[in-house]
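Architecture and fold: a report
Chain by chain, the residues run as shown.
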Amino acid sequence: MKKPTYLIFALALTLAACQPSSKKQTLNELKQSIEADFEANTGDYAIAFKDLSNPDNQLYINEKETFHTASTMKTPVMIELFRQARAGKFSLSDSILVVNEFKSIVDSSAYTMDIGEDSGEGLYSFIGQKLTVYDLTYEMITVSSNLATNILIELVGAPNVMTTMKSFGANDIQVLRGVEDQKAYELGMNNTTTAKDLAIVMEMIATDKAGTPEDCAAMIKILKDQRFNDIIPTYLPDSVSVAHKTGSITKLHHDSGIVYLPDGRKYVLVLLSKNLNTIEEGTEVLARVSERIYSYLNQ
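About the cut-offs
- Residues numbered from 1 in each chain as written.
- Predicted model: local features only at pLDDT ≥ 70, side-chain atom pairs only at ≥ 80, totals over all residues.
- Heavy atoms only, no water.
- Salt bridge = Lys/Arg side-chain N within 4 Å of Asp/Glu carboxyl O.
- Helix = DSSP H or I, 4+ residues; strand = E, 2+ residues; numbered from the N terminus.
- Buried < 20%, exposed > 50% of the residue type's maximum accessible area, 1.4 Å probe, protein only.
- Core = buried A, V, L, I, M, F, W, Y, C linked by side-chain atoms within 4.5 Å.
- Contact = heavy atoms within 4.5 Å.
- Phe/Tyr/Trp six-rings, centres within 6.5 Å; stacked < 30°, edge-to-face > 60°.
- Lys NZ or Arg CZ within 6 Å of the ring centre and 35° of its normal.
- 1 Å grid on protein atoms, 1.4 Å probe; cavity = no way out; pocket = protein on both sides within 12 Å on 5 of 7 lines; lining within 4 Å.
- Points joined across faces, edges and corners; volume = space filled by probe spheres on them.
- Nonpolar A, V, L, I, M, F, W, Y, C, P; charged D, E, K, R; others polar.
- Pairing = 2+ DSSP bridges.
- Axes fitted to C-alpha atoms, helices over the stretch in contact; angles between N-to-C directions.

1. Re the pattern of salt bridges
- All chains considered together, the criterion is met by 10 salt bridges.
- In this structure, R292 engages D37 in a salt bridge whose closest nitrogen and oxygen atoms are separated by 3.2 Å. Of the two residues, R292 is situated in helix α10 (residues 279-297) and D37 in helix α2 (residues 27-40); the sequence distance between them amounts to 255 residues.
- Look at R292 and you get partly exposed, because its relative accessible area is 30%.

Below, the structure written as structure tokens:
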């Protein structure tokens, strides 16, 4: 017996309601949801996202707000190391003495690093011995060694790092000094950045413009060995690889990186935070934002 038309229509509506929605989230909807998350949590946040496989996919929130760089400034230092090595000023295989005495940028007075404040504490056992420039660079990035950072900044010169960043168009990154220069800190002479500028830096590496293709590949390899993985990679599948550099000090936590998807796509993501109640809270907020970006790209 033929069913009445209204029954067929009602059945069609029921079946449609049971099907999962095929409507994809728009970029604007994604932005609104992230802004809502930022508003709902204590602290100040910024994001810069760019899909390198599709330039139409870009998302920025507070991207020009200034943040203390914490250890994210170590990526620009690494770029300058590779640049000067390529220019023949030294070789990455050259040996360099591991020391723990540095000069303040305020008055050139000496200061030393506190092993208790350094995540790369293993390097302190090499004081008085020699390691290669490459080994120190690897320690600076992968375990965020402050001791290695200061040795390398003295090698390349902080002003040279900034000159190279400005040549990229990253005009708001300030790499003024090494770590634990208390006199400089007290005078407000700090390393600062914006999410936008860190994204420029990461894009330059990802697109082989931060150096030769060989040098950029070597830098990416180091960044992929990052030991601190509690923001960008946390909620991403194991099949996704991330070349990134984190940074944290009191009440702030950052991550800046290049995300490589299994299908060959890649994107740059920078997540910054400050004025947090707790590092853990800010870390979770940013890790979930990273997850949302990934989910948006894989709808």
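2. Regarding the nonpolar core
- V77, L136 and I205 are the most contacted members of the largest nonpolar core, which has 61 residues in total.
- If we ignore the near neighbours within four places in the chain, the residues touching V77 are M140, L152, I153, V161 and V175.
- Grouped together as the second largest cluster of nonpolar side chains are 26 residues, I47, V240, L261 and Y267 included.

3. A word on the packing of aromatic side chains
- Considering all chains together, one arrives at 4 aromatic pairs under this definition.
- Its guanidinium or amino end placed over the ring of Y260, K224 lies 4.4 Å from that ring's centre, counting from NZ or CZ.
- The ring of Y235 carries R288 above its face, with NZ or CZ at 3.6 Å from the centroid.

4. Looking at the layout of surface pockets
- In this structure, the largest pocket occupies an estimated 810 Å³ of space.
- Around the largest pocket sit 29 residues that line it, and E117, N146, V179, S248 and I249 are the ones nearest its centre.
- Every element with two or more residues in the lining of the largest pocket is listed here: α7 (182-186), β9 (241-249) and β10 (252-260).
- It is β9 that contributes the most residues to the lining of the largest pocket, 5 residues altogether.
- Its residues assigned to classes, the lining of the largest pocket comprises 7 nonpolar, 14 polar and 8 charged.
- In this structure, the second largest pocket encloses a volume near 150 Å³.
- Residue lining of the second largest pocket: F102, K103, I105, Y111, N150, I153, E154, A158, L176, R177, G178 and D181, and that is the complete set.
- Ranked by residues supplied to the lining of the second largest pocket, first place goes to helix α5 (residues 146-156) with 3 residues.
- Considered class by class, the residues forming the lining of the second largest pocket number 6 nonpolar, 2 polar and 4 charged.

5. Regarding the sheet that holds strand β1 (residues 44-51)
- Strands sit in the order β2-β1-β11-β10-β9 across an open sheet of 5 strands; the sheet is antiparallel. Each end of this open sheet is capped by a strand with a single partner; those strands are β2 (58-61) and β9. Averaged over all pairs of adjacent strands, the angle between their axes in this sheet comes to 10°, without regard to strand direction.
- Strands β1 and β2 of the sheet are contacted by α2, whose axis makes an angle of about 25° with β2.

6. Here's the deal with the pairing of β9
- In this sheet, β10 lies alongside β9 in antiparallel orientation, the contact comprising 9 bridges. Bridging from a neighbouring strand, H244 pairs with G257 of β10.
- The turn joining β9 and β10, which pair antiparallel and follow one another in sequence, is formed by 2 residues; a positive phi near 65° is taken by K251.

7. Section: the environment of K50
- Within the secondary structure, K50 sits in strand β1.
- Those residues in contact with K50 that sit more than four places away from it in its chain are N57, Q58, Y60, E203, Y267 and V268.

8. Remarks on unusual backbone geometry
- At N62, a residue that is not glycine, the phi angle is positive and equals roughly 55°.
- By the secondary structure assignment, N62 is in the loop between β2 and β3 (67-68).
- A residue is classified by how much of its surface remains accessible, and N62, at 39% relative accessible area, is partly exposed.
- Phi angles above zero are rare outside glycine, and N275 is one such case at about 55°.
- Of the residues examined, N275 reaches a relative accessible area of 46% and is grouped as partly exposed.

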